[in-house]
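A structural walkthrough
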Amino acid sequence: QVQLVESGGGLVQAGGSLRLSCAASGRTFSSYAMGWFRQAPGKEREFVARISRGGSRKYYADSVKGRFTISRDNAKNTVYLQMSSLKPEDTAVYYCAADSLNGVVHTSPQEYDYWGQGTQVTVSS
């Protein structure tokens, strides 16, 4: 089992940057592919990015490609989401999630096994 805790959210102006972190408990962090999702008020939770267990494969939603970067440090049991050139439409609660399956690209929330509590990101115009 994995427990996930996100941090790093906040208020930023459009065009600014933020780095989100997700710290995982347990010794099996490297056994999970990790994903970031976001959910804006009144909208469904949507896929943002995913990284494989070892960090060599990364996938992004078209809406964030070129602006966001996912990375992980398995020695620190942490996954990151570096967000740049932020837009007001990036405003949402951001969640990290762990997926026990590594060889596929899961983009649906239902395909992930464990979730953090979320961190709010607000981008002002």
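Let me begin by describing the structure that accompanies this report. (Residues numbered from 1 in each chain as written. Predicted model: local features only at pLDDT ≥ 70, side-chain atom pairs only at ≥ 80, totals over all residues. Heavy atoms only, no water.)

Right, let's get into the overall build of the chain. Across its full length, the chain holds zero helices and eleven strands. Moving toward the C terminus, one meets the helices and strands of the chain in the order β-β-β-β-β-β-β-β-β-β-β. Principal-axis analysis of the C-alpha atoms gives the chain an extent of 40 × 25 × 25 Å. For the chain, the residues scored as buried account for 44% of the 125 residues in total. (Helix = DSSP H or I, 4+ residues; strand = E, 2+ residues; numbered from the N terminus. Buried < 20%, exposed > 50% of the residue type's maximum accessible area, 1.4 Å probe, protein only.)

This next bit is on the nonpolar core. Among the nonpolar cores identified, the biggest contains 33 residues, and Met34, Trp36, Val79, Leu81, Met83 and Tyr94 are the most heavily contacted of them. Looking at this core, the elements that each hand over two or more residues are strand E3 (18-24), strand E4 (33-39), strand E5 (46-51), strand E7 (68-73), strand E8 (78-83), strand E9 (92-99) and strand E11 (119-124). The biggest single contributor to this core is E9, with five residues. Other than its neighbours up to four places away in sequence, Tyr94 contacts Glu6, Leu20, Trp36, Phe37, Arg38, Val48, Phe68, Leu81, Met83, Gly118, Thr119 and Val121. (Core = buried A, V, L, I, M, F, W, Y, C linked by side-chain atoms within 4.5 Å. Contact = heavy atoms within 4.5 Å.)

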